[in-house]
Each structure stands twice: as C-alpha cells, then as structure tokens.
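One-letter residues, chain by chain:
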Amino acid sequence: MAKPISMEVWNPSGKYRVVSTKSMPGARWIRLLTDNDCRLEICTDPKTILSVDDILALIGDRCDGIIGQLTEDWGEVLFSALKRAGGTAFSNMAVGYNNVDVEAANRNGIAVGNTPGVLTETTAELAASLTLSAARRIVEADQFMRAGLYEGWLPYLFVGNLLKGQTVGVIGAGRIGSAYARMMIEGFKMNLIYYDLYQATRLEKFVTAYGQFLKANGEQPVTWKRAATMEDVLREADVISLHPVLDKTTYHLINPERLAIMKKEAVLVNASRGPVIDELALVEHLKANPMFRVGLDVFEDEPYMKPGLADMKNAVVVPHIASASKWTREGMATLAALNVLACHLQSFRGQQLI
Ligand SMILES: NC(=O)c1ccc[n+]([C@@H]2O[C@H](COP(=O)([O-])OP(=O)(O)OC[C@H]3O[C@@H](n4cnc5c(N)ncnc54)[C@H](O)[C@@H]3O)[C@@H](O)[C@H]2O)c1
Ligand SMILES: O=C(O)[C@H](O)CO
C-alpha cells in the first residue's frame, strides 16, 4: 500500500468521514459537508493523478463517502475497500461514469453520483471557441505574430473558413451537443444536421422557430435535419462537433473510414472524451489533408498526445479545460458534495443549490 499522503482536514470532530481526492474550487461544498456533521479530508498531495494505491491509503479503515476525479480508476478494488471502510457514497466530479465501474459499485452497495448540467454551457462555449479557433486559424496566426513574421496585410494570409450559412454537424445532441448547436445556429446562422440515438425535439423546435424569425426579418432561414446515420453527418457537415457519451458504441467512433468521408476542409471538434477519436488515424488524416482542421480538448491517452499531433499546425489543442470556468467548477464541487450528502448520509437535512 502507498504511504499516507498529505491531507487538509475540516471539522475534525465531524461524525462522518468524507474524503475528497482533490482540492476543488469554492467554499460552498466544504460548508455543505461540515455543516452536516462531516469531517472532511481533502488530499493536498501535489501528484496530479492519484493511483489506486494512493486512493486506498486515503480511504483507510473508515470512510463514509468520497469525492473522486475523472482521472481515477474507480473499480472493484476501490469500491470494495470503501465498503469495508463503511462507505456508501461516491461522487465523480465530472459528467458520466466512463472512469467508474458502476456494476462494481452496485455489487458493493455504493451509490454513485456525477455532476451534469452545471457545466453544459461552459463546455459548449469551449467547443464553440475551438470551432472558431480552428476555422479561423487563430493559434497559427497568434504564433506567427509572436514570432515576428508579420510583414503586412496579404490577400492569402491565414485564410480560413466562414461559418455563416455553412452546416454544423453534431454527433450526440444531448445537453452539451444541443447547447453547442444553439450557439452555432444563433451566433453564426449555421444550418444543423445531427445524429443521436434519440430525437432532440427541443433543439429541432428551437431551430424551426429561429428559422421562422430570420425569415420574418428578411434573412435566410436556418434549417435542421436529423440524420439517419452518422455517416450522413460526416459527409454533409462543414463543422462537426462530437458530444456523445464514451462507451463501447462510441469508442473510436471517428476512425480512418469515417475521416475519409468528411469534407477535405471540414473542421472537427472534440470536447467529449478522447477515445471517441482514433487519434493516430486523426494525425495521419491531418498530415494528408492540410486544410482539414481540428480543435481538441480531450485526448485518447491523457495527459499524452499521440505522436505527431503536437507538430500539426492544423490542430488546436487545449488540456481538457472545457468546464474550466470558476462558476462551473464551484458548481461541480457543490453538486459532488450534495451527491455524497443527499443520497447517502443520514445527516443530510436538505440544502438549496446557489
Ligand atoms: N471536455 C470536458 O471537459 C467535458 C465536460 C463535460 C462533459 N464532457 C463529456 O461530454 C459528453 C456529453 O455530455 P452531456 O452532458 O451532453 O451528456 P448527455 O448524456 O446529455 O448527452 C450525450 C448524448 O450522446 C448520445 N449518444 C449516446 N450514444 C451515442 C451514439 N452511439 N451515437 C450518437 N449519440 C450517442 C446520447 O443519446 C445523448 O443524447 C460526455 O461524453 C461527457 O463525458 C466533457
Ligand atoms: O466530464 C466532465 O465533467 C469533464 O470532462 C471535466 O469537467
């Protein structure tokens, strides 16, 4: 077992021991726990990603609930240790459960929470930022300026793609995919084609109403289409943004065959999960198609990029920051604390968010 790691302790005499594997922004989540008779222990070890052994040491002999991070591997080993320590509650500080073996949690009687919703707009805004950065070559142009290469305006200097009137393709039109679609439609008057297992009725109604508004004001109306296949989106769209959950149906959803049917000058954005794209295939595609551009917030083997990606001028890459606004991260921390309290600790008396 790993040696004990550094901790910050709040309300040392609290009845319930709750552990957070990381410091999280804001004070509200801390107050929620301490006001409800929890002794909160926050791991302050500088190591970025804790191993299973590190977390076993944090759980120790007694732990009622724990807040973990998407970089951690929550499976049988940790859930059975939490059960042995008397725990009943785990919350991921993230949307979804792709780092969590929910069946193992169930087997061990541990309820599992996550933090959706509060990061929808923030994540969609980052996807929109990546779209613009890739389409208008912002990072390349910034680097060019800083390198002192600008000698004056030229007709061909950093020519990119106009979004207005083009087609935005969304794969996974759930909370974030729909918010992103609205931003691109309202902001840039793009037409929508989307693929999801379910119909995005509210999104469709929004585009219809916005199209009618534009028409009534003498502008070209925007349109929507629900694609029968993902391939239809890839073939038709000028910009494609990926927002599905990561599971076995979406692992390497973007592969060499699907890259090959996309437009040569398309923009591809991923702010969902890295393994949704076969990243090695993407690097090859970027090399062969210099006008094809990507904006990536997530990577297949985080924190690493596949060989060659960092050299590609047609890729904009940021380190998984899509939910990184102060309001959102504080909200995620609050939701994670509420998950642990509300579902699983008897001390919970009812608190209001915000
Ligand atoms: N980069 C970040 O920091 C960040 C932040 C938040 C969420 N995320 C990720 O973004 C994604 C979307 O989150 P959300 O809150 O919108 O989730 P959501 O559940 O609201 O939406 C996911 C959508 O994907 C669809 N889907 C599932 N399988 C599919 C398939 N095979 N093909 C097409 N669509 C499919 C679902 O029907 C659903 O509509 C998740 O993967 C989440 O982990 C990333
Ligand atoms: O799913 C999430 O919450 C993100 O990837 C981190 O904000």
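All values reported here derive from a predicted model rather than from experimental measurement.

**With respect to the sheet that holds strand β7 (residues 167-171)**
Part 1: Taken in spatial order, the 7 strands line up as β9-β8-β7-β10-β11-β12-β13 in an open sheet, and their pairing is parallel. In this open sheet, the two edge strands, each paired with only one partner strand, are β9 (224-226) and β13 (315-317). On average, each strand axis in the sheet is tilted by 15 degrees relative to the strand beside it, whichever way the strands run.
Part 2: In this structure, β7 lies alongside strand β8 (residues 191-195), joined through 5 bridges in parallel fashion.

**Details of the pattern of salt bridges**
Part 1: One pass over the full model with this rule turns up 16 salt bridges.
Part 2: Residue Glu-76 is joined to Arg-107 by a salt bridge in which the shortest nitrogen-to-oxygen separation is 2.9 Å. Remark: Arg-107 occurs in helix α4 (residues 102-107) and Glu-76 occurs in helix α3 (residues 76-84); sequence separation between them is 31 residues.
Part 3: A relative accessible area of 35% places Glu-76 in the partly exposed class.
Part 4: We note a salt bridge from Lys-189 to Glu-219, for which the minimum N-O separation is 3.6 Å. Of this pair, Lys-189 sits in the loop between α7 (175-188) and β8 while Glu-219 is found in the loop between α8 (201-216) and β9, placing the two residues 30 residues apart along the sequence.
Part 5: Looking at Lys-189, the relative accessible area reads 23%, which means it is partly exposed.
Part 6: What emerges from the salt-bridge pattern is a single network uniting Arg-17, Arg-39 and Glu-41.

**Notes on the side chain of Thr-328**
Part 1: Here Thr-328 lies in helix α12 (residues 326-344).
Part 2: Residue classification places Thr-328 among the buried positions, given a relative accessible area of 0%.
Part 3: A polar contact of 2.5 Å, which involves the side chain of Thr-328, links it to the side chain of Thr-122.
Part 4: Other than its neighbours up to four places away in sequence, Thr-328 contacts Val-118, Leu-119, Thr-122 and Ser-323.

**Some points on the side chain of Ser-272**
Part 1: Within the secondary structure, Ser-272 sits in the loop between β11 (267-270) and α11 (279-288).
Part 2: Judged by relative accessible area, Ser-272 falls into the buried class, the value being 8%.
Part 3: Separated by 2.6 Å, the side chains of Ser-272 and Asn-270 make a polar contact.
Part 4: Setting aside residues no more than four positions away along its own chain, Ser-272 makes contact with Leu-242, His-243, Pro-244 and Val-298.

**Details of the site of ligand 1**
Part 1: In the region of ligand 1, 26 residues are neighbours, and Arg-175, Ile-176, Asp-196, Pro-244 and Asp-297 sit closest.
Part 2: A distance of 3.0 Å separates a nitrogen atom of ligand 1 from a polar side-chain atom of Thr-249.
Part 3: Measuring from a nitrogen atom of ligand 1, one finds a backbone N or O atom of Ala-271 at 3.0 Å.
Part 4: Taken by itself ligand 1 offers 860 Å² of open surface, and the protein chains cover 89% of this.
Part 5: Across the shell around ligand 1, the residue classes break down as 13 nonpolar, 9 polar and 4 charged.

**Some thoughts on the UniProt feature "domain: D-isomer specific 2-hydroxyacid dehydrogenase catalytic" (unreviewed entry) in the chain**
Part 1: Residues given the UniProt feature "domain: D-isomer specific 2-hydroxyacid dehydrogenase catalytic" (unreviewed entry) here are residues 29-342.
Part 2: Note that residues 29-342 is 40% helix and 14% strand, and that its end C-alpha atoms are spaced 13 Å apart.

**Topic: the state of the cysteines**
Part 1: Taken as a whole and judged by the stated rule, the model has 0 disulfides.
Part 2: In this structure Cys-38 is not part of a disulfide, and its nearest cysteine sulfur, from Cys-63, lies 10 Å away.

Cut-offs used in this document
Residues numbered from 1 in each chain as written. Chains lettered and ligands numbered in written order. Predicted model: local features only at pLDDT ≥ 70, side-chain atom pairs only at ≥ 80, totals over all residues. Heavy atoms only, no water. Pairing = 2+ DSSP bridges. Helix = DSSP H or I, 4+ residues; strand = E, 2+ residues; numbered from the N terminus. Axes fitted to C-alpha atoms, helices over the stretch in contact; angles between N-to-C directions. Salt bridge = Lys/Arg side-chain N within 4 Å of Asp/Glu carboxyl O. Buried < 20%, exposed > 50% of the residue type's maximum accessible area, 1.4 Å probe, protein only. Polar contact = N/O pair within 3.5 Å; in protein donor to acceptor, adjacent residues only side chain to side chain. Contact = heavy atoms within 4.5 Å. Near = heavy atom within 4 Å. Areas by Shrake-Rupley, 256 points an atom, 1.4 Å probe, with all protein chains shown as cover. Nonpolar A, V, L, I, M, F, W, Y, C, P; charged D, E, K, R; others polar. UniProt positions renumbered as here; feature names shortened; annotations may be inferred. Disulfide = S-S within 2.5 Å.

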